[in-house]
Amino acid sequence: MAGADRGVLGGPAGHAHRHGLCLWIPELATRAEPAAGSTPNGTSMLSIAKAQWRNLLGLGLGVVCISAVRATRQVVLPLWGENLGLDAATISLIYGLSGAIDMLIFYPAGKVMDKRGRAWVAVPCMATMALALFLLPLTHTVGAMLAVSMLLGFGNGIGSGIVMTLGADYSPPVGRAKFLGLWR
């Protein structure tokens, strides 16, 4: 195995190895008084993973998909701009305007998430981003790419905060920080 193959396979393998190590690291002693019903060192990462495996696998898989789609914007827009032959300044402007739409939307999206529920944000986020990612290869001009990138930013803005909000919703009262560490 050489070159790009090593990087493609080495990254996920290293991530899995580090995640496995976190499950087996012994807990540090704490000076704080233990909460009622817990051990002096709290609960271990492994015990939380065992107790919450349904949430981590079920919802966690959905969250991984949402995170992956949301992360594509950072790679896809500059690469497609390069494919169209745009200069770096134009690509940066398009990317920046997409980010501006993203930032304008995340506060109203949070209000909708709090008032209507998580599905009212997660479903439109994925649908809008899927539509934008489908339309992106069909763009051949700066204007078309700008419009689609702004749609992509809108979809990304709708989904801002959904990952950690769902994690906080499903985290157990005892060991919440460790659960969110596994969730992230």
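To start, this report covers the structure provided alongside it.

A few points about helix α5 (residues 119–135)
Relative to the 24 Å expected for 17 residues at 1.5 Å per residue, α5 spans 24 Å between its end C-alpha atoms, a close match to the ideal helical length. Regarding α5, the residues found buried are V121, A122, C125, T128, M129 and A132. On an axial view of α5, the arc spanned by its buried residues comes to 145°, and they lie on one face. For α5, the exposed residues set more than 90 degrees away from the buried face come down to A119, W120, V123 and F134.

Some thoughts on a nonpolar patch on the surface
Together, M103, F106 and Y107 line one region of the surface with nonpolar side chains, adding up to about 370 Å² of accessible area. Along the chain, Y107 turns up in helix α4 (residues 88–116). Exposure remark for Y107: the relative accessible area of 57% places this residue in the exposed category.

Side note on the side chain of T128
Of note, T128 is situated in helix α5. Using a relative accessible area of 14% as the deciding quantity, one classes T128 as buried. Here P124 takes part through its backbone oxygen, which lies 2.7 Å from a polar atom of the side chain of T128. For T128, the residues in contact, after removing those within four places along its chain, are L151, F154, G155 and I158.

Quick notes on the pattern of salt bridges
Scanning the model with the defined rule gives three salt bridges in all. For D102, the salt bridge identified is with R73, shortest N-O distance 3.4 Å. Linking D102 in helix α4 with R73 in helix α3 (residues 53–83), this pair joins segments that are 29 residues apart in sequence. Here R118 and D169 are joined by a salt bridge, their closest N and O atoms 2.7 Å apart. Separated by 51 residues along the polypeptide, R118 in the loop between α4 and α5 and D169 in helix α7 (residues 162–170) bring together distant segments of the chain. Taken together, the salt bridges that share partners define one network made up of D114, R118 and D169.

Some thoughts on the nonpolar core
Judged by nonpolar contacts, the single largest core of 31 residues is most densely connected at L136, M145, I162, L182 and W183. Those elements that provide at least two residues to this core are α2 (45–51), α3, α4, α5, α6 (142–158), α7 and α8 (176–183). Once residues within four sequence positions are removed from consideration, M145 is found in contact with L77, W80, G81, L84, L86, I94, L136 and T139.

Conventions and cut-offs
- Residues numbered from 1 in each chain as written.
- Predicted model: local features only at pLDDT ≥ 70, side-chain atom pairs only at ≥ 80, totals over all residues.
- Heavy atoms only, no water.
- Helix = DSSP H or I, 4+ residues; strand = E, 2+ residues; numbered from the N terminus.
- Expected span 1.5 Å × (residues − 1).
- Buried < 20%, exposed > 50% of the residue type's maximum accessible area, 1.4 Å probe, protein only.
- Arc of directions from axis to C-beta.
- Patch = residues over 30% accessible without salt bridge, like charges linked within 9 Å, V, L, I, M, F, W, Y side chains within 5 Å.
- Areas by Shrake-Rupley, 256 points an atom, 1.4 Å probe, with all protein chains shown as cover.
- Salt bridge = Lys/Arg side-chain N within 4 Å of Asp/Glu carboxyl O.
- Polar contact = N/O pair within 3.5 Å; in protein donor to acceptor, adjacent residues only side chain to side chain.
- Contact = heavy atoms within 4.5 Å.
- Core = buried A, V, L, I, M, F, W, Y, C linked by side-chain atoms within 4.5 Å.

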